Amino acid sequence: MTTEPPYLAIAAELRRRVRSGELSPGDRVPSTRAITREWGVAMATATKALGVLRQEGLVRPEAGVGTVVVPLAGPDAHLKRGPDTEPLSRERLVEAALALADAEGLHALTMRRLATALGVSTMALYRHVQGKAELVRLMTDAACGEVPLGPVPREWRTGLEQGARWLRGMYRRHRWMAHAMASFTRPVATPNALAYLEWVLKSLRGTPLTSAEKLHTHLLVFAYVQGLSMAEDLEEQARQDTGISDGEWMEQNEPRHDAIQAGGSYPELEAVTSGGDFGLDLDSLFEFGLRRTLDGIASMIDETSG
């Protein structure tokens, strides 16, 4: 007799609660931590159970809340746009794909899942895109074109700072993009993505930097924002998977850190964290790192000018 894996049994029970109305649309489902307590399983098992329900479209991650029941009748109803009679188009396809990736991450985006959300056959999608790779490229282009960069500032530092903040804003609206645009040797080539690069290069036009130095300067700032944005996406995923805030996580893990440091093997770490005024969040880290990065570029420009 085959025994059902624990994560499937947990998923089945949570599915029953959703379909019976015990968990209503918009309700938060048990977090991974709550599942580990209720069923006595490992965190990985709890994560897999919630993953099954997300894949089925019964639940979705909600920023700052946790995993919640999809707030409309029918799986993937939260992804639908307009009436069901609206004809399928490339624009509608990209819009639905953006909604799915924004809600659940790029890993949840499959052609079959997207077809279900749109109420069409999977083959119908291939009349508009060749496959997922082209779809992600179109999604990236659409996301890059949402907010205009505006006029290029006269001063290069203002331009690079403005460009960095624009890029971070885009990554915050679409967290999956930091991973989709991760390659430097195989960049995503779309009109709107190239428009951003052109804008940055124009901001460096009045500097004495060589062509190679201008490209490296762009990639340096891009890599900094992208790396921090990828970390931000991982932080958000951790909040959604565990259902606890960063403060709650620190409170739970502080005794362990204190126990490790109690032996006196990490005096420098103890010195910088024991003052009571130490606080770290990704916003403050972004501001600190952006200033230091621009300071380094300024130093290079000064050296080149001399």
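Our subject is the structure listed above.
Structural notes, computed from the coordinates.

What counts and what doesn't
- Residues numbered from 1 in each chain as written.
- Predicted model: local features only at pLDDT ≥ 70, side-chain atom pairs only at ≥ 80, totals over all residues.
- Heavy atoms only, no water.
- Phe/Tyr/Trp six-rings, centres within 6.5 Å; stacked < 30°, edge-to-face > 60°.
- Helix = DSSP H or I, 4+ residues; strand = E, 2+ residues; numbered from the N terminus.
- Buried < 20%, exposed > 50% of the residue type's maximum accessible area, 1.4 Å probe, protein only.
- Lys NZ or Arg CZ within 6 Å of the ring centre and 35° of its normal.
- Axes fitted to C-alpha atoms, helices over the stretch in contact; angles between N-to-C directions.
- Parallel < 35°, antiparallel > 145°, perpendicular 65-115°, else oblique.
- Contact = heavy atoms within 4.5 Å.
- Nonpolar A, V, L, I, M, F, W, Y, C, P; charged D, E, K, R; others polar.
- Core = buried A, V, L, I, M, F, W, Y, C linked by side-chain atoms within 4.5 Å.
- Expected span 1.5 Å × (residues − 1).
- Polar contact = N/O pair within 3.5 Å; in protein donor to acceptor, adjacent residues only side chain to side chain.

Comments concerning the packing of aromatic side chains
Here is step 1 of the chain: Under the counting rule described, the total for this entry stands at two aromatic pairs.
Here is step 2 of the chain: An angle of 15° between the planes, with centres 5.1 Å apart, marks the rings of W166 and Y196 as stacked. Of the two residues, W166 sits in helix α8 (residues 156–173) while Y196 sits in helix α10 (residues 191–203), which places them 30 residues apart along the sequence. Accessibility classification places W166 together with Y196 in one group, the buried group.
Here is step 3 of the chain: Residues Y224 and F286 carry aromatic rings whose centres are separated by 6.1 Å and whose planes lie at 20° to one another, so their mutual orientation is stacked. With Y224 in helix α11 (residues 211–242) and F286 in helix α14 (residues 282–305), this residue pair connects regions lying 62 residues apart in the sequence.
Here is step 4 of the chain: For Y224, a relative accessible area of 19% gives the class buried.
Here is step 5 of the chain: Stacked on the ring of Y7, the Lys or Arg K48 has its end atom at 4.2 Å from the ring centre.
Here is step 6 of the chain: Between R168 and the ring centre of F286, over which it is positioned, the NZ or CZ distance is 4.5 Å.

Considerations on the packing of helix α4 (residues 90–104) against helix α7 (residues 132–144)
Here is step 1 of the chain: Look at α4 against α7: their axes get within 9 Å of each other, and the N-to-C directions meet at 85°. Comparing the axis directions of α4 and α7 gives the class roughly perpendicular. Contacts from R90, L93, V94, A97, L98 and A101 of α4 reach α7 at E134, L135, L138, M139 and A142.
Here is step 2 of the chain: In terms of residue class, the contact of α4 with α7 is built from nine nonpolar, no polar and two charged.

Things to note about the nonpolar core
Here is step 1 of the chain: By size, the foremost hydrophobic cluster in this structure holds 51 residues, and its most contacted members are L114, L135, M139 and Y171.
Here is step 2 of the chain: Ranked by size, the runner-up nonpolar core spans 16 residues in total, among them A11, L14, V29 and L58.

A word on helix α3 (residues 43–56)
For an α-helix, the turn length of 3.6 residues means that residues three or four places apart are oriented alike.
Here is step 1 of the chain: Helix length check: α3 (14 residues) gives 20 Å between terminal C-alpha atoms against 20 Å at 1.5 Å per residue, within 8%.
Here is step 2 of the chain: Residues A46, A49, L50, V52, L53 and R54 constitute the buried set of α3.
Here is step 3 of the chain: Looking at the residues trailing α3, positive phi occurs at G57, about 80°.

Thoughts on the side chain of T293
Here is step 1 of the chain: For T293, the position within the fold is in helix α14.
Here is step 2 of the chain: With relative accessibility at 17%, the residue T293 sits in the buried group.
Here is step 3 of the chain: Within the local environment of T293, its side chain forms a polar contact with the backbone oxygen of G289, the two atoms lying 2.7 Å apart.
Here is step 4 of the chain: With sequence-adjacent residues up to four places away left out, T293 is seen in contact with L220, V221 and Y224.

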